[in-house]
Amino acid sequence: MDVLSWKEFVAGWAGGVAGLGVGHPADTIKVRQQAFTERIGVLKTLRTTLKYEGVRGLYKGMLFPLLSSGALNALFFGVYANTLRFIEQKRAPGVERRNNWGDDPSTKSGHPNRSTLDVFAAGCVGGLFACTLACPIDLIKIQMQSQTGVASSKEWGHHVEPKHKGMLDCIRRLCHKRGVRGLYTGMCPMLLRDVVSYGVYMTVYETGLQNLHWNPVVSTLVSGGCAGVVSWGVIIPIDLVKSRIQADDIKKPMYRGVVDCVKKSYQAHGLPVFFRGFSMMMVRSFPVNAATFLVYESTLHLLKPDMDLSDLGLIDP
């Protein structure tokens, strides 16, 4: 297996930052819909956030993911690519992992045909490894996103109001109260969510690239966008449970675990509660993941040591 290269890291960082920049405001709205006890629509969530916190309120919790998105995406894409290569080499020695915009005479799209099961398995393994970084990132992000300020508490309804002065203060409080283990609050539902969703994510993406024989940019955008929509659509209930557990009060938690969160959420609001944030998630997923994959693939293409600058339009052929 190849060692994760700096090119994968740079491409992963670029793709992660692109997706984060496109989707963080919508993610804040989604998290607040899921984490708060009262049922709040998309428009009211947006209006209340802007009224009391301004545009900056939509970007709460963005700093830590922004700083760590490179490592997270590099870890996932690196583990995925190497796992898939390992599986394929075991099946048929000599198979090489190619960039999606590379030349492969065996296909019209320039993308090798792959077993759906192999892609799904590699995606699950990548998701498993990504959770080690994703859990603390999501926890701190959600803790910050769920802070709305005392003035708006009546409009939001009753909910836990964590009081962190910033990202570092949030980390300090979590570690002080629960030790390093506190940074992995919500790890169980996150594993249930990410292992499956990343497998679906890469399966839909690779299937799209194999079947859409369009311009590489358009194929990447459509395949990446569809991968995001489908993968998020299948895990929305467990994502709500994860969001509630991670947004819980550090000092006086409401939930004792996944089962307790499911039970209390169902008793209070019925089955529909597990689909809160669904519409915003669907709206957010396509552009975020389209941008992530486009920037990731194009960055890898730019970093190819044997790239032809005329192919990129940078010099005349």
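Residues numbered from 1 in each chain as written. Predicted model: local features only at pLDDT ≥ 70, side-chain atom pairs only at ≥ 80, totals over all residues. Heavy atoms only, no water.

Focus: the overall build of the protein chain
Logical step 1: When helices and strands are tallied, the protein chain shows 11 helices and 0 strands.
Logical step 2: For the protein chain, the N- to C-terminal ordering of α and β elements is α-α-α-α-α-α-α-α-α-α-α.
Logical step 3: Considering the protein chain as a whole, with its 317 residues, one finds that 54% of them fall into the buried category. (Helix = DSSP H or I, 4+ residues; strand = E, 2+ residues; numbered from the N terminus. Buried < 20%, exposed > 50% of the residue type's maximum accessible area, 1.4 Å probe, protein only.)

Digging into the environment of Val204
Logical step 1: For Val204, the position within the fold is in helix H7 (residues 187–211).
Logical step 2: Under the relative-accessibility criterion, Val204 is labelled partly exposed at 23%.
Logical step 3: When the C-alpha atoms of Val204 and Phe120 are compared, they prove to be 9.0 Å apart, with 84 residues separating the residues in sequence.
Logical step 4: If near-sequence neighbours (up to four positions away) are discounted, Val204 is found in contact with Cys226, Ala227 and Val230. (Contact = heavy atoms within 4.5 Å.)

Observations concerning the nonpolar core
Logical step 1: By size, the foremost hydrophobic cluster in this structure holds 24 residues, and its most contacted members are Phe76, Tyr80, Tyr201, Met202, Tyr205 and Phe293.
Logical step 2: At the level of secondary structure, the elements contributing two or more residues to this core comprise helix H3 (63–91), helix H4 (116–145), H7 and helix H11 (278–302).
Logical step 3: Residues Trp232, Ile245, Val273 and Met281 belong to the second largest nonpolar core, which totals 13 residues. (Core = buried A, V, L, I, M, F, W, Y, C linked by side-chain atoms within 4.5 Å.)

Some details on helix H2 (residues 42–53)
Logical step 1: Between its first and last C-alpha atoms H2 spans 16 Å; for 12 residues at 1.5 Å apiece the expected length is 16 Å, and the two agree.
Logical step 2: Buried residues of H2: Thr45, Thr48, Thr49 and Glu53, and no others. Buried residues of H2 fall within an arc of 100 degrees about the axis and therefore sit on the same side. Residues of H2 that are exposed and angled more than 90 degrees away from the buried face: Leu43, Arg47 and Lys51.
Logical step 3: Within two residues after H2, Gly54 carries a phi angle of roughly 70 degrees, on the positive side. (Expected span 1.5 Å × (residues − 1). Arc of directions from axis to C-beta.)

Structural notes on empty space enclosed by the protein
Logical step 1: Per the counting criterion, the structure on display carries 5 cavities of 30 Å³ or more.
Logical step 2: Each pocket or cavity is described by its volume, and for the largest cavity that value is around 730 Å³.
Logical step 3: Forming the walls of the largest cavity are 36 residues, and the residues nearest its centre are Leu72, Asp138, Tyr198, Trp232 and Arg284.
Logical step 4: Looking at the lining of the largest cavity, the elements with two or more residues in it are helix H1 (6–35), H3, H4, H7, helix H8 (216–233), helix H9 (236–247) and H11.
Logical step 5: Looking at the lining of the largest cavity element by element, the count peaks at 9 residues for H1.
Logical step 6: Here the lining of the largest cavity is composed, by residue class, of 15 nonpolar, 12 polar and 9 charged. (1 Å grid on protein atoms, 1.4 Å probe; cavity = no way out; pocket = protein on both sides within 12 Å on 5 of 7 lines; lining within 4 Å. Points joined across faces, edges and corners; volume = space filled by probe spheres on them. Nonpolar A, V, L, I, M, F, W, Y, C, P; charged D, E, K, R; others polar.)

Comments concerning the UniProt feature "transmembrane region" (unreviewed entry) in the protein chain
Logical step 1: According to UniProt, the "transmembrane region" (unreviewed entry) feature falls on residues 62–81, 182–201 and 221–241.
Logical step 2: Taken end to end, residues 182–201 comprises 75% helix and 0% strand; its first and last C-alpha atoms sit 28 Å apart. (UniProt positions renumbered as here; feature names shortened; annotations may be inferred.)

Let's talk about the packing of aromatic side chains
Logical step 1: By the definition in use, this model includes 8 aromatic pairs.
Logical step 2: Relative to Phe77, the ring of Phe76 lies with its centre 5.2 Å away and its plane at 65 degrees, an arrangement referred to as edge-to-face. Here Phe76 and Phe77 have matching classes, each one buried.
Logical step 3: Arranged with centres 5.8 Å apart and planes meeting at 80 degrees, the rings of Phe77 and Phe293 form a pair that is edge-to-face. Linking Phe77 in helix H3 with Phe293 in helix H11, this pair joins segments that are 216 residues apart in sequence. (Phe/Tyr/Trp six-rings, centres within 6.5 Å; stacked < 30°, edge-to-face > 60°.)

Notes on the environment of Gly78
Logical step 1: Looking at where Gly78 falls in the secondary structure, it is placed in helix H3.
Logical step 2: Residue Gly78 is classed as buried on the basis of its relative accessible area, which comes to 3%.
Logical step 3: Taking C-alpha positions, Gly78 is 8.6 Å from Gly12, a pair spaced 66 residues apart along the chain.

Side note on the environment of Ala290
Logical step 1: On the secondary structure map, Ala290 appears in helix H11.
Logical step 2: The exposure class of Ala290 is buried, given its relative accessible area of 4%.
Logical step 3: In this structure the C-alpha to C-alpha distance between Ala290 and Val217, which are 73 residues apart in sequence, comes to 9.9 Å.
Logical step 4: Contacts of Ala290, omitting those with residues within four sequence positions, involve Leu221, Gly224 and Gly225.

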